[in-house]
Amino acid sequence: MEKNLYLEDLSKKDKILIEPDSVFWGIVKNNDDLPFSIPAKLLSLYEKMKKRSAQEMYQFRFTTKLSAIYIDPTDRCNANCPYCYVPAKTRKYGHSMSEKELEFILMKIKKYFSHTKKKPVIIFHASEPLIVKDILFKLILKFKKDFYFGIQTNGLLLEEKDVEFIKKHKISIGISLDAADAKTNNRLRPNAKYGGHFQKINQILEWFRGYKGLNILTTITKLNATKLPELVKYLYKKEVPCVLINPIRLTQKNSRNLKPDTKIMTKYFLKAVKQAIKYSMNSKRKIIIGNFANTLLGIIAPTARRLMCDISPCGGGRCFFTITANGKMIPCGEFIGLNKFSGGNIFKDSIEKAMHSKPFKQIRARVTEEIPECNVCIFRNICGAPCPAELHSLGNMYSKAVFCDFYKEVIKYAFRIIAEKKEKYCFRKNGLNSVEVEYKL
Amino acid sequence: MVKKSKKSLKKVGAVKTQAISYRLKCATTGNGLSHYVMYGDTKKALL
């Protein structure tokens, strides 16, 4: 057998055949009664496609194609979540952009993208962007032809009229929610002012019912790991179309106390995935677990994946970057509390300069091939060993992912879904209609 | 349903090994997003 091809058990009957660099894969379903063999047609397909697939993956991984910019219009936050990656001091005393400053930035970004055909994405992000919502909404209206807009928020400041504005202008919105019960959620997302985060989000989800641009963001910690299936049930009932259920990042010291047990997290995450698939199979409406769907894409359509944390180099400083409230350009928001990762200041430096800066290049240079444990892992180009910021703050960026075993199990489960031909239940309705088949056995 | 014996399986030569392998291509996805968000052109996107 070709030296780059590897076999991995998927179940008693099935094995995965994979070439890690090009992510050429096959699932071999063997008859119990016969000795294991790899069908010749699979090997000849590999021979035929290996060069093209490897070239495609190389292009995908090593091309710098900026398509989204995160803007933190304020450093301040009205909540105090114990796992936040933005340092507490910054959240309390940080700067907020003025309308003029934000307009200046959007003009600069517009100019940068003026020669590209594809509309770039602007995402207003951490700490809590709706603290300056009047400015945001005003400028969204002004630049709506130039950008797709998204807002990631804790939701506490959302009012019904804001929701109408968001729906009317088709703005994507991500809302944080960590559990389907008030006690767990409010412990993870405490705030004294607004009468409970869960209660507020429960109301907001009614206002958003049926809105396709809504996405819920859930962070898995030791406090909510076992409650993920219930969360999916709750969100499905609320007609939420998509949820991201991400393991906590341990970038800031305060978050490390909330680290979940990997086995427990994996078990309940996969239960949540099964729950979502069950809903999709048995009804007309779906709930998509975005990060699981993205893992599936990493296998069946590697260059079409949407989230760029699970590929190396990651998307930070390559496909997106973050502008902080004081104008610093950093490869990704996860670096906000870390020193020496600024690629310049948007108020005086160009975007080109930031893209060519040493810190951005440093992130673009981090590949799994340089990480000893990952270099021998067959899933290295499906997982990507996230996250460089988190691992840097833990001591060494060139280490395997903190939740390596979680990613391995999730990838294997994704292969099982493919073996069972259930992958269509994991994507948006008609989602797979917009793709071309490159090859098929 | 009739269970096939090992012998009959060998004779027919069927159901020996099956394989699934495919790759899709999509030019419309964003490819510029982190694990925090799923934004972009949601009309055309897979996710």
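See above for the structure.
The sections below set out a description of the structure shown in this document. (Residues numbered from 1 in each chain as written. Chains lettered and ligands numbered in written order. Predicted model: local features only at pLDDT ≥ 70, side-chain atom pairs only at ≥ 80, totals over all residues.)

## Quick word on unusual backbone geometry
Residues and elements named next belong to chain A.
Here comes step 1: With an omega dihedral of -10°, the bond running from Ser 312 to Pro 313 counts as a cis peptide bond.
Here comes step 2: Along the chain, the position of Pro 313 falls in the loop between helix H10 (290-300) and strand S11 (320-323).
Here comes step 3: In this model, Pro 386 is joined to Cys 387 through a cis peptide bond whose omega is 0°.
Here comes step 4: Looking at the element boundaries, Cys 387 is found in the loop between helix H14 (380-383) and helix H15 (388-393).
Here comes step 5: Phi is positive for Lys 170, which is not a glycine, with a value near 50°.
Here comes step 6: Within the fold, Lys 170 resides in the loop between helix H5 (160-168) and strand S7 (172-176).
Here comes step 7: Within the chain, Lys 340 stands out as a residue other than glycine whose phi angle is a positive 70°.
Here comes step 8: Here Lys 340 is to be found in the loop between strand S12 (329-330) and helix H11 (351-355). (Helix = DSSP H or I, 4+ residues; strand = E, 2+ residues; numbered from the N terminus.)

## Quick word on the nonpolar core
When a protein is soluble and globular, its nonpolar side chains tend to lie buried together.
Here comes step 1: Membership of the largest hydrophobic core comes to 139 residues, with the highest contact counts inside it found for A:Ile69, A:Val243, A:Phe269, A:Ala272, A:Ile289, A:Leu296 and A:Ile299.
Here comes step 2: Dropping the residues within four chain positions of it, A:Ile289 is found in contact with A:Val243, A:Ile245, A:Ala272, A:Val273 and A:Ala276. (Core = buried A, V, L, I, M, F, W, Y, C linked by C-beta atoms within 7 Å. Buried ≥ 20, exposed ≤ 12 C-beta atoms within 10 Å, placed from the backbone. Contact = placed C-beta atoms within 7 Å.)

## What about the sheet that holds strand S2 (residues 14-19) of chain A?
Here comes step 1: The antiparallel open sheet is built from 4 strands, whose spatial order is S1(A)-S2(A)-S3(A)-S1(B). Edge positions in the sheet fall to strand S1 (6-9) of chain A together with strand S1 (17-20) of chain B, since each of these pairs with one other strand and no more. Pairs of neighbouring strands in the sheet enclose a mean axial angle of 25°, with direction left out of account.
Here comes step 2: Across 4 bridges, the pairing between S1(A) and S2(A) is antiparallel. Across the sheet, the residue bridging to A:Glu8 is A:Ile16, located in S2(A).
Here comes step 3: Contacts between helix H16 (residues 404-419) of chain A and the sheet are confined to S2 and strand S3 (24-30) of chain A together with S1 of chain B, with S3(A) contributing the most and set at about 60° to the helix. (Pairing = 2+ DSSP bridges. Axes fitted to C-alpha atoms, helices over the stretch in contact; angles between N-to-C directions.)

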